[in-house]
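Results of the structural survey
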Amino acid sequence: MLFIEYPKCTTCKKAKKWLDDNGFTYTDRHIVENNPTADEIREWHQKSGLELKKFFNTSGLLYKSMNLKDKLPTMSDEEKYELLASNGMLVKRPVLVDGDRVLLGFKAEKWEEQLK
């Protein structure tokens, strides 16, 4: 299980606590110091079954300052993968990768349903 987080993020802290409290073992990865590659994001996107827009941290300052709300609709998937790989702060977090399962963000009920 790979847990990708930004340590200062409160949602990431809650998710990590939930994993610990429920006895999960995982490898921790700092999303800024070790940003996901375009290939990783492509693979996670395909496994997740989610639309690619869900991988963007739409509430983040960088997303807003880059005016991505207006730019994303005209970009190809490949351009979006490269953009996400350019800066970990653009990626919705936390990301939990467990085999063929990919969870974005943290909602305890959803993680409970998916992981137990």
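This text goes with the structure placed above it.
Quick look at the structure, then. (Residues numbered from 1 in each chain as written. Predicted model: local features only at pLDDT ≥ 70, side-chain atom pairs only at ≥ 80, totals over all residues. Heavy atoms only, no water.)

**Looking at the pairing of strand 1 (residues 2-5)**
As a reminder, the rule being used: Only protein chains enter the calculation, and the probe is 1.4 Å; a residue is then buried if its accessible area is under 20% of its type maximum, exposed if over 50%, and partly exposed in between. What counts as a helix is a DSSP run of H or I of at least four residues, what counts as a strand is a run of E of at least two, and both are numbered from the N terminus. Note on handedness: a clockwise path from strand one over the helix to strand two, with the strands aimed away from the viewer, defines a right-handed crossover. Only when DSSP finds a minimum of two bridges between them are two strands counted as paired.
The two faces of strand 1 match: Leu2 and Ile4 on one face and Phe3 and Glu5 on the other face are all buried. Of the crossover connections in this fold, the one passing from strand 1 over helix 1 (residues 10-21) to the parallel strand 2 (residues 27-30) is right-handed. Note that strand 1 and strand 3 (residues 95-98) share 3 bridges and pair antiparallel. Residue pairing across strands places isoleucine 4 opposite valine 95, the latter belonging to strand 3.

**Some details on unusual backbone geometry**
Leave glycine aside and you will find that most residues have negative phi; peptide bonds, for their part, are mostly trans. The omega torsion across arginine 93 and proline 94 is -5°, close enough to zero to call that bond cis. Looking at where proline 94 falls in the secondary structure, it is placed in the loop between helix 5 (77-86) and strand 3. In this structure, asparagine 67 is a non-glycine residue whose phi angle is positive, near 55°. Along the chain, asparagine 67 falls in the loop between helix 3 (61-65) and helix 4 (68-71).

**Looking at the packing of helix 1 against helix 6 (residues 108-115)**
Two measures define how a pair of helices packs: the angle their axes make with one another and the distance between the axes. Quick note on the threshold: Lines fitted to C-alpha atoms define the axes, with helix axes restricted to the stretch in contact, and inter-axis angles between N-to-C directions lie between 0 and 180 degrees. Just so you know how the angles are binned, under 35 degrees is roughly parallel, over 145 roughly antiparallel, 65 to 115 roughly perpendicular, and the rest oblique. By definition, any crossing whose near helix is turned counterclockwise from its far helix by less than a right angle is left-handed, and any crossing with a clockwise turn is right-handed. The contact criterion used is simple: two residues touch if any of their non-hydrogen atoms lie within 4.5 Å.
Close contact between helix 1 and helix 6 brings their axes to 11 Å; oriented N to C, the two are set at 40°. In terms of axis orientation, helix 1 runs oblique to helix 6. You can see that helix 1 and helix 6 cross each other, and the crossing is right-handed. Note on element contacts: helix 6 touches helix 1 through Ala108, Trp111, Glu112 and Leu115, opposite Ala15, Trp18 and Leu19.

**Quick word on the state of the cysteines**
So the rule is basically this: Any pair of cysteine sulfurs within 2.5 Å is marked as a disulfide.
Summed over the entire model, instances satisfying the criterion amount to 0 disulfides. Between cysteine 9, a free cysteine, and cysteine 12, which holds the nearest cysteine sulfur, the sulfur-to-sulfur gap is 3.2 Å. According to the relative accessible area criterion, cysteine 9 is buried, its value standing at 14%.

**Remarks on the pattern of salt bridges**
Counted only if it meets this: By definition, a salt bridge exists where a carboxyl oxygen of Asp or Glu is found within 4 Å of a side-chain nitrogen of Lys or Arg.
Tallying each qualifying case throughout the model produces 9 salt bridges. One salt bridge connects lysine 16 with glutamate 5, and the closest N-O pair in it is separated by 2.9 Å. Taken together, the residues lysine 16 in helix 1 and glutamate 5 in strand 1 connect sequence positions 11 residues apart. Assessed through its relative accessible area of 24%, lysine 16 is described here as partly exposed.

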